[in-house]
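Geometric and topological summary
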Amino acid sequence: MTSTTDTIRTYLEERFLFEFDDETTPDTDLFKAGVIDSFGYVRMMRFLESEFSLALDGDEILMNVLVSLNAIDEFVQKKLAGK
């Protein structure tokens, strides 16, 4: 069984054509590193909605800007837990 972290990591690496390594870690700000932009962010949020059957509203997308793999995974885990 694939974890949410693995699923999100694979999506990010395949969609944005990079790999997590010593320089780009799960805590790296993907915006500052130039990996993702605002268009990519919206696409990623749509992926999270469809992949994990999440219902996200505009406030969640705009108020909780998720910039790292760890932050994205934590957000998804909370949503799945109903928090």
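Residues numbered from 1 in each chain as written. Predicted model: local features only at pLDDT ≥ 70, side-chain atom pairs only at ≥ 80, totals over all residues. Heavy atoms only, no water.

1. With respect to the packing of helix 2 (residues 38-52) against helix 4 (residues 69-80)
Helix-helix packing is described using two parameters, namely the angle between the two axes and the distance between the axes. One way to put it is that helix 2 packs onto helix 4 with a least axis distance of 12 Å and a crossing angle of 40 degrees. Once helix 2 is placed against helix 4, the crossing between them reads as right-handed. Contacts between helix 2 and helix 4 pair Met 44, Met 45, Leu 48 and Phe 52 from the former with Ile 72, Phe 75, Val 76 and Leu 80 from the latter. Classifying every residue of the contact of helix 2 with helix 4 gives 8 nonpolar, no polar and no charged. (Axes fitted to C-alpha atoms, helices over the stretch in contact; angles between N-to-C directions. Helix = DSSP H or I, 4+ residues; strand = E, 2+ residues; numbered from the N terminus. Left-handed = near helix turned anticlockwise from the far one by under 90°. Contact = heavy atoms within 4.5 Å. Nonpolar A, V, L, I, M, F, W, Y, C, P; charged D, E, K, R; others polar.)

2. Description of unusual backbone geometry
Peptide bonds are, in most cases, trans, and in most cases residues other than glycine have a negative phi. Here Leu 17, not a glycine, exhibits a phi torsion of approximately 55 degrees, which is positive. When you line up the elements, Leu 17 lands in the loop between helix 1 (4-16) and helix 2. With a relative accessible area of 76%, Leu 17 lands in the exposed category. Even without glycine at this site, Ser 53 takes up a positive phi of about 50 degrees. (Buried < 20%, exposed > 50% of the residue type's maximum accessible area, 1.4 Å probe, protein only.)

3. Remarks on helix 2
Taking 1.5 Å per residue, 15 residues should reach 21 Å; helix 2 reaches 21 Å between its end C-alpha atoms and fits that length. Residues Gly 40, Tyr 41, Met 44, Met 45, Phe 47, Leu 48, Glu 49 and Phe 52 constitute the buried set of helix 2. Buried positions along helix 2 lie against helix 1, helix 3 (58-63) and helix 4. At the N-terminal end of helix 2, a side-chain oxygen is found 3.2 Å from the backbone nitrogen of Phe 39, two or three residues along, and the residue is Asp 37. The first or second residue beyond helix 2 is Ser 53, which carries a positive phi of 50 degrees. (Expected span 1.5 Å × (residues − 1). Polar contact = N/O pair within 3.5 Å; in protein donor to acceptor, adjacent residues only side chain to side chain.)

4. A closer look at the side chain of Asp 73
Mapped onto the secondary structure, Asp 73 falls in helix 4. In this structure the side chain of Asp 73 is engaged in a polar contact, spanning 2.7 Å, whose partner is the side chain of Thr 5. Excluding residues within four positions of it along the chain, Asp 73 makes contact with Thr 4, Thr 5 and Ile 8.

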